[in-house]
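Chain by chain, the residues run as shown.
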Amino acid sequence: MTRSDLVAKLAERFAQLTQRDTEFAVKTILDAMSDALARGHRIEIRGFGSFSINRRPPRLGRNPRSGEQVTIPEKLVPHFKPGKALREGVDASLPADAPATEVAPSA
């Protein structure tokens, strides 16, 4: 599901909201979440999951062309941990032998 799919689904579900209002609401929520993570806060949405920041320590890597060692600096990356209800819901709705992702046909 893309951001525009989410906006369309919400606008369809809540007929009193215009497409523009729905788009603004989704943008506001995602911006607030991004800002909170950028400030180092943790986000928890009950029944869905939690977002936090993980620290990747600096390490030595290799340049694949030359083979020389390269220092890769420390990074702070967002991390999502699904909640119990989300994990159980996904597990119950998908058969174990189904592919994990579905590729959309190209237009």
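Source: prediction; values computed, not measured. (Residues numbered from 1 in each chain as written. Predicted model: local features only at pLDDT ≥ 70, side-chain atom pairs only at ≥ 80, totals over all residues. Heavy atoms only, no water.)

(A) Highlighting the pairing of strand E2 (residues 49-56). Inspection of the sheet shows strand E1 (residues 43-45) paired to E2 by 3 bridges, in the antiparallel sense. Note on E2: the bridge partner recorded for isoleucine 43 is phenylalanine 51. Hairpin connection from E1 to E2: 3 residues lie between these consecutive antiparallel strands, with glycine 47 at a positive phi of about 85°. Sheet topology places E2 next to strand E5 (residues 75-82); 8 bridges connect them, and they run antiparallel. Bridging from a neighbouring strand, glycine 49 pairs with proline 82 of E5. (Pairing = 2+ DSSP bridges. Helix = DSSP H or I, 4+ residues; strand = E, 2+ residues; numbered from the N terminus.)

(B) Broad picture of the sheet that holds E2. As summarised here, the arrangement of the 3 strands in space is E1-E2-E5, forming an open sheet in which the pairing is antiparallel. Across the chains shown, the open sheet's two edge strands, defined by having one partner strand only, are E1 and E5. On average, each strand axis in the sheet is inclined to that of its neighbour by 25°, with strand direction left out of account. (Axes fitted to C-alpha atoms, helices over the stretch in contact; angles between N-to-C directions.)

(C) Broad picture of the pattern of salt bridges. Scanning the model with the defined rule gives 4 salt bridges in all. As a salt-bridge pair, lysine 27 and aspartate 31 come within 2.7 Å of each other at their nearest N and O atoms. On the criterion of helical spacing, the pair formed by lysine 27 and aspartate 31 is a turn pair, its members being 4 residues apart in helix H2 (residues 19-38). Under the relative-accessibility criterion, lysine 27 is labelled partly exposed at 41%. Residue class for aspartate 31 comes out partly exposed when judged on its relative accessible area of 34%. For glutamate 44, the salt bridge is made with arginine 46, and the minimal N-O distance between the two is 3.2 Å. Linked by salt bridges that have partners in common, Arg42, Glu44 and Arg46 make up one network. (Salt bridge = Lys/Arg side-chain N within 4 Å of Asp/Glu carboxyl O. Buried < 20%, exposed > 50% of the residue type's maximum accessible area, 1.4 Å probe, protein only.)

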